[in-house]
Amino acid sequence: MDLANRTKTLTPSATLAITAMAKELKASGVDVIGLGAGEPDFNTPDHIIEAAYQALLNGKTKYTATGGIEELKRAVCDKLLKDQGLTYETSEIIVTNGAKHALYTLFQALLNEGDEVIVIAPYWVSYTEQIKLAGGVPVIIETTEENEFKLTASQLEGAVTSKTKAIIINSPSNPTGMCYSERELLEIGSICLKHNITIVSDEIYEKLVYDGQKHVSIAQLSEELKQITVIINGLSKAYSMTGWRIGYAAGNKELIKQMTSIASHSTSNPTTPSQYGALAAFNGPQDVVEEMRIQFEKRLNMFHEALVNIPGFTCLKPKGAFYLFPNVKEAAKLCGYSTVDEFAKALLSEAHVAVVPGAGFGAPDYIRVSYATSEADLIEAAKRIKNFVEEKM
Ligand code: PLP
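Keep in mind the model is a prediction, meaning the values are calculated, not measured.

1. Brief notes about the sheet that holds strand S8 (residues 247-250)
- Ordered by their spatial adjacency, seven strands build an open sheet running S2-S8-S7-S6-S5-S3-S4, and the pairing between neighbours is mixed. Either end of the sheet is taken by a strand with one partner, and the two such strands are strand S2 (93-96) and strand S4 (137-142). When the angles between neighbouring strand axes are averaged without regard to direction, this sheet yields 20°.
- The sheet contact formed by strand S5 (residues 164-170) and strand S6 (residues 198-202) spans five bridges and is parallel. Residue pairing across strands places asparagine 170 opposite aspartate 202, the latter belonging to S6.

2. A short note on helix H10 (residues 272-283)
- Relative to the 16 Å expected for 12 residues at 1.5 Å per residue, H10 spans 17 Å between its end C-alpha atoms, a close match to the ideal helical length.
- Residues of H10 that are buried: Ser274, Gln275, Tyr276, Gly277, Ala278, Leu279, Ala280 and Ala281.
- On its buried face, H10 is in contact with helix H2 (46-57), helix H3 (70-84) and S2.

3. A few points about the nonpolar core
- Of all hydrophobic cores here, the largest spans 120 residues; its most connected members are Leu106, Ile167, Ala249 and Val353.
- Ranked by residue count, the leading element in this core is helix H4 (residues 98-110), at eight residues.
- Built from parts of two domains, this core gets at least three residues from each of domain 1 (5-43 + 287-392) and domain 2 (61-283).
- Setting aside its immediate chain neighbours within four residues, valine 353 contacts Ile33, Leu35, Leu347, Leu348, Ala381, Arg384 and Ile385.

4. Section: the environment of proline 326
- In this fold, proline 326 is placed in the loop between strand S9 (323-324) and helix H12 (329-334).
- As for proline 326 and aspartate 202, which are separated by 124 residues in sequence, their C-alpha atoms are 23 Å apart.
- Leaving out residues up to four positions away in the same chain, proline 326 has contacts with Leu307, Phe313, Thr314, Cys315, Tyr366 and Ile367.

5. Quick notes on the domain arrangement of the protein
- For the protein, the domain assignment lists domain 1 (5-43 + 287-392) and domain 2 (61-283).
- Look at where the C-alpha atoms of domain 1 and domain 2 centre, and you get two points 26 Å apart.
- Counting residues at the interface gives 35 residues for domain 1 and 32 residues for domain 2.
- If you list the elements that add at least two residues to the side of domain 1 that touches domain 2, you get helix H1 (14-27), helix H11 (287-308) and S9.
- The greatest single-element share of the side of domain 1 that touches domain 2, amounting to six residues, is contributed by H11.
- Residues belonging to the side of domain 1 that touches domain 2 are distributed by class as follows: 18 nonpolar, 11 polar and six charged.

How each quantity is defined
- Sequence order as written defines residue numbering, which begins from 1 separately in each chain.
- Selection of residues for local features in this predicted model requires a pLDDT of at least 70, selection of side-chain atom pairs for listing and counting requires 80 or more, and totals for whole chains, interfaces and linings are taken over all residues.
- Being paired, for any two strands, means DSSP has found at least two bridges between them.
- The secondary structure listing takes helices from DSSP runs of H or I that are at least 4 residues long and strands from runs of E that are at least 2 residues long, numbered from the N terminus.
- The angle between two axes is taken between their N-to-C directions and runs from 0 to 180 degrees, where each axis is a line fitted to C-alpha atoms and a helix contributes only its stretch in contact.
- A helix's residues, less one, multiplied by 1.5 Å, set its expected span.
- Each residue is classed by its C-beta neighbour count within 10 Å, where at least 20 other C-beta atoms makes it buried, 12 or fewer makes it exposed, and intermediate counts make it partly exposed; the C-beta atoms are placed from backbone geometry.
- In this description, any two residues whose backbone-derived C-beta atoms lie within 7 Å of each other are considered to be in contact.
- Put simply, a nonpolar core is a cluster of buried Ala, Val, Leu, Ile, Met, Phe, Trp, Tyr and Cys residues tied together by C-beta atoms within 7 Å.
- What marks off one domain from the next here is an automatic or database domain assignment.
- Residues are grouped as follows: Ala, Val, Leu, Ile, Met, Phe, Trp, Tyr, Cys and Pro are nonpolar; Asp, Glu, Lys and Arg are charged; all remaining types, including Gly, are polar.

Here it is in structure tokens:
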């Protein structure tokens, strides 16, 4: 079949691919430990499930307004005010089928053919593909471990052209777990203001920050920055609601209107009972979020220490999200592999540990491991990887 050209440059999601391979092995009876997943291992809190169930029983089984029910948009506004001190009208909010679809619709609404979007590597796998699907051009800026994988102001200045339309900032970052400070965001923000660059601020890991840090949204740093920023967020990670598919965007009213129009022709609305679950998540007790965060931090400390003790592994300590992003180039070499991809494949087939090779994130010397899995599994995974490397050396 002669398929559309846009499919020809599309790279399938590296994270979903490894998860699928691990599931296949597991189904065939192999005891695989999956460190590939990008989702919390906790179940969604009961009161959220109960709210969705009650909504279904009460007939909330029909289409809703495309951009989400008004109460949920209001709850998003309340959240942004409470957490970030930001004031939005409900007309500046769209509720979407996950943050992924908020980003997808955003690029569809924002980009013309050839518009450039600055993407900071290592980056989340879907950014580049979504930009390309919208006719845009991802402009990748490489960062260094020495600078905690963060973009510097001079790097940004050097990458701006007359076609630069937007930049994506993902703090805390998937895959590196790094977070931008207020000062760093102000520096980046002033360049964006100077060149009229839209800031896409993906804050999906906002609630998962460690070591006493606090998340900062670039939109909260000044009214001018708020005007050029679109906040992307969702409930998947904070409330362990990945399968519910609820995300949102907050930003310029005209942009949100056009995104809603695009959604009206593609998804119609975010799933109705999920919206009622999300409403309960926002309006219900927030200690459930903190309880999960504490668990993640405990695992991070334990797993980071275990990984840096593996020969050939070096790893910055993340400040947020639930991933570690070790450099394993040396480990791959010690084991006789010429690429980290081959090393990762062998880890899965021989040590039965699924990790995601860094190439999909624009960082081929690294692997991403998720610690959104039980402590026992993390201990066992670290042991298996260490034994694997030591035996091959
Ligand atoms: N942004 C980042 C950086 C992510 O890691 C993810 C999920 O892995 C998303 C957005 C999308 O999340 P969802 O569509 O589940 O809301």
